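Listed below, chain by chain, are the residues.
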Amino acid sequence: MSNKEAKIYIAGHNGMVGSAIWRQLETQGYTNLIGKSSKELDLRDQHAVNDFFEIEKPSVVIDAAARVGGILANNTYPYQFLMENMQIQNNLIQASLKTEVNKFIFLGSSCIYPKLAPQPLKEECLLTGSLEPTNDAYALAKITGIKACEAIRKQFGKDYVSLMPTNLYGTHDNFDLKTSHVLPAMIRKFHDAKLNNNATVTLWGSGTPLREFLFVDDMAASVIFALENVLPEHLYNVGTGSDLTIKELAETIQKIVGHEGLIEWDASKPDGTPRKLMDISKMHALGWKHKIGLSEGIQQTYQWFLENQDNFKEVKI
């Protein structure tokens, strides 16, 4: 796709991922972008979504809207994570099909794969085993979105594709300690502890699980790659292809933030999945690859955190 004037609707354009996609599209010369805040358009409301699509009739839809959170939020509010995500994506997918949107890019998560799937995680692992119980509600919702897009692709011949990112982080992230993901939560904890005479930082679990992290601007670049190319399959992993232990992540963030106190690990709290490394060979074969390393990405994220402490996003449920 090379039409820079095509009407592109980015659902969730105020979120970390959606805003990164919006910025990159603008930078690359796309001039007809649409976004609605959750106050302007409740994506859980089917009638409101249908009316919006009938009026706007976008050519392309990028679904970066979701109820998201870390282990604590997922484990505490499984109903909201299941139902609200299904409502959001079902309304968007159905309205897109109804108004003949030809290009739909659905964003999911690596948690769609079975807890004990062989590493690195291949796209073919989907639905081959049991999910991680602490976030299975969110994962199930995303799996239904993937299957809906696959069904539309098969039945109606539409270019609907699903991208499954690894753990994302970056500017405009959620730093609320009760609902955030592990990396931004660590940034906040180490920063607060540094200001509190380098107090001891207590972190969840054992520190042994392995995790892969992708800077949000790289994720946005993968979405634009999918926008500008016809991808031959319906599902693609997006990541870096390398991981590190949560303990190594904590030490990296501690150094960047400048915290000089102790780290304690609370083994009574859950670790989650032992490892979630993505096999990204399919995207690499098509020509996409990430550009921003982990230390550089964390430095950029912490700098943004410092500059936006008075108004950074906190997500309540």
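Preceding this section is the structure that the text describes.
Residues numbered from 1 in each chain as written. Predicted model: local features only at pLDDT ≥ 70, side-chain atom pairs only at ≥ 80, totals over all residues. Heavy atoms only, no water.

(A) Broad picture of the pairing of strand β4 (residues 103-107). Summarising burial for β4: 5 of the 5 residues are buried, a large majority. On β4, burial covers both faces: K103, I105 and L107 on one face and F104 and F106 on the other are all buried. The pairing of strand β3 (residues 60-63) with β4 spans 4 bridges and is classified as parallel. Following the sheet pairing, I62 is matched in β4 by I105. (Buried < 20%, exposed > 50% of the residue type's maximum accessible area, 1.4 Å probe, protein only. Helix = DSSP H or I, 4+ residues; strand = E, 2+ residues; numbered from the N terminus. Pairing = 2+ DSSP bridges.)

(B) Region of interest: the pairing of β3. Here β3 shows two buried faces, one formed by V60 and I62 and the other by V61 and D63. Note: strand β1 (residues 8-11) against β3, 4 bridges, orientation parallel. For I8, the partnering residue across the bridge sits in β3 and is V60.

(C) A look at the packing of aromatic side chains. By the definition in use, this model includes 9 aromatic pairs. With a centroid separation of 5.9 Å and an interplanar angle of 90°, the aromatic rings of Y9 and F53 are classed as edge-to-face. Separated by 44 residues along the polypeptide, Y9 in strand β1 and F53 in helix α2 (residues 46-56) bring together distant segments of the chain. This pair shows no difference in class: Y9 is buried, exactly as F53 is. Taken together, a centroid distance of 6.1 Å and an interplanar angle of 20° make the contact between Y302 and F305 stacked. One end of the pair, Y302, and the other, F305, are both in helix α10 (residues 294-307), 3 residues apart, so they sit about a helical turn from each other. Here Y302 falls in the buried class, since its relative accessible area comes to 6%. The buried category is assigned to F305, whose relative accessible area is 1%. Members of the aromatic cluster, each reached through a chain of ring pairs, are F175, Y302, W304 and F305. Sitting over the face of the ring of Y30, K4 holds its NZ or CZ atom 5.1 Å from the ring centroid. (Phe/Tyr/Trp six-rings, centres within 6.5 Å; stacked < 30°, edge-to-face > 60°. Lys NZ or Arg CZ within 6 Å of the ring centre and 35° of its normal.)

(D) Broad picture of the environment of S281. Tracing the chain through its elements places S281 in helix α9 (residues 281-286). Taking C-alpha positions, S281 is 26 Å from D136, a pair spaced 145 residues apart along the chain. Side-chain polar atoms of S281 contact the side chain of D279, separated by 2.6 Å. (Polar contact = N/O pair within 3.5 Å; in protein donor to acceptor, adjacent residues only side chain to side chain.)

(E) Region of interest: the side chain of H234. In this fold, H234 is placed in the loop between α7 (216-228) and β10 (235-238). Only 3.5 Å separates the side chain of H234 from the side chain of E150, close enough to count as a polar contact. Residues contacting H234, with those up to four places away along its chain left out, are I146, E150, R153, V161 and S162. (Contact = heavy atoms within 4.5 Å.)

(F) Spatial organisation of the nonpolar core. In terms of nonpolar packing, the biggest core is built from 40 residues, with Y9, L43, F53, L92, F104, Y113 and M164 touching the most fellow members. Elements with a contribution of two residues or more to this core: β1, α2, α4 (78-98), β4, α5 (136-156) and β5 (159-165). Here this core gets 7 residues from one element, more than from any other, and that element is α5. Among all residues touching F104, those that are not within four sequence positions of it are V61, D63, L92, I93, S96, C149, D159, Y160 and V161. With 31 residues, the next largest nonpolar core counts I8, L33, L163 and F225 among its residues. (Core = buried A, V, L, I, M, F, W, Y, C linked by side-chain atoms within 4.5 Å.)

(G) Main features of the sheet that holds strand β2 (residues 33-34). The 6 strands lie next to each other as β2-β1-β3-β4-β5-β10, forming an open sheet whose pairing is parallel. Only two strands of the sheet have a single neighbouring strand rather than two, namely β2 and β10. Docked against the sheet, helix α1 (residues 16-27) engages β1, β2, β3 and β4, running at close to 155° with respect to β1. α4 rests against β1, β3, β4 and β5 of the sheet, and its axis sits at about 170° to β4. (Axes fitted to C-alpha atoms, helices over the stretch in contact; angles between N-to-C directions.)

(H) Quick look at the packing of helix α6 (residues 182-195) against α10. α10 packs onto α6 with a crossing angle of 60° between their chain directions and a minimal axis gap of 11 Å. Accordingly, the angle class assigned to the pair α6 and α10 is oblique. You can see that α6 and α10 cross each other, and the crossing is right-handed. Together, L183, I187, R188, H191 and K194 of α6 and L294, I298, T301, Y302, F305 and L306 of α10 make up the contact between the two elements. Residues belonging to the contact of α6 with α10 are distributed by class as follows: 7 nonpolar, 2 polar and 2 charged. (Parallel < 35°, antiparallel > 145°, perpendicular 65-115°, else oblique. Left-handed = near helix turned anticlockwise from the far one by under 90°. Nonpolar A, V, L, I, M, F, W, Y, C, P; charged D, E, K, R; others polar.)

(I) Main features of the pattern of salt bridges. For the structure shown, the criterion picks out 17 salt bridges. Between E56 and K7 there is a salt bridge whose closest N-O contact spans 3.2 Å. Taken as a pair, E56 in helix α2 and K7 in the segment before β1 lie far apart in primary sequence, 49 residues in all. Among the ionic pairs, R275 bridges to D243, the shortest N-O distance being 2.7 Å. In this pair, R275 is assigned in the loop between β12 (263-266) and α9 and D243 in the loop between β10 and β11 (244-245), connecting sequence segments 32 residues apart. (Salt bridge = Lys/Arg side-chain N within 4 Å of Asp/Glu carboxyl O.)

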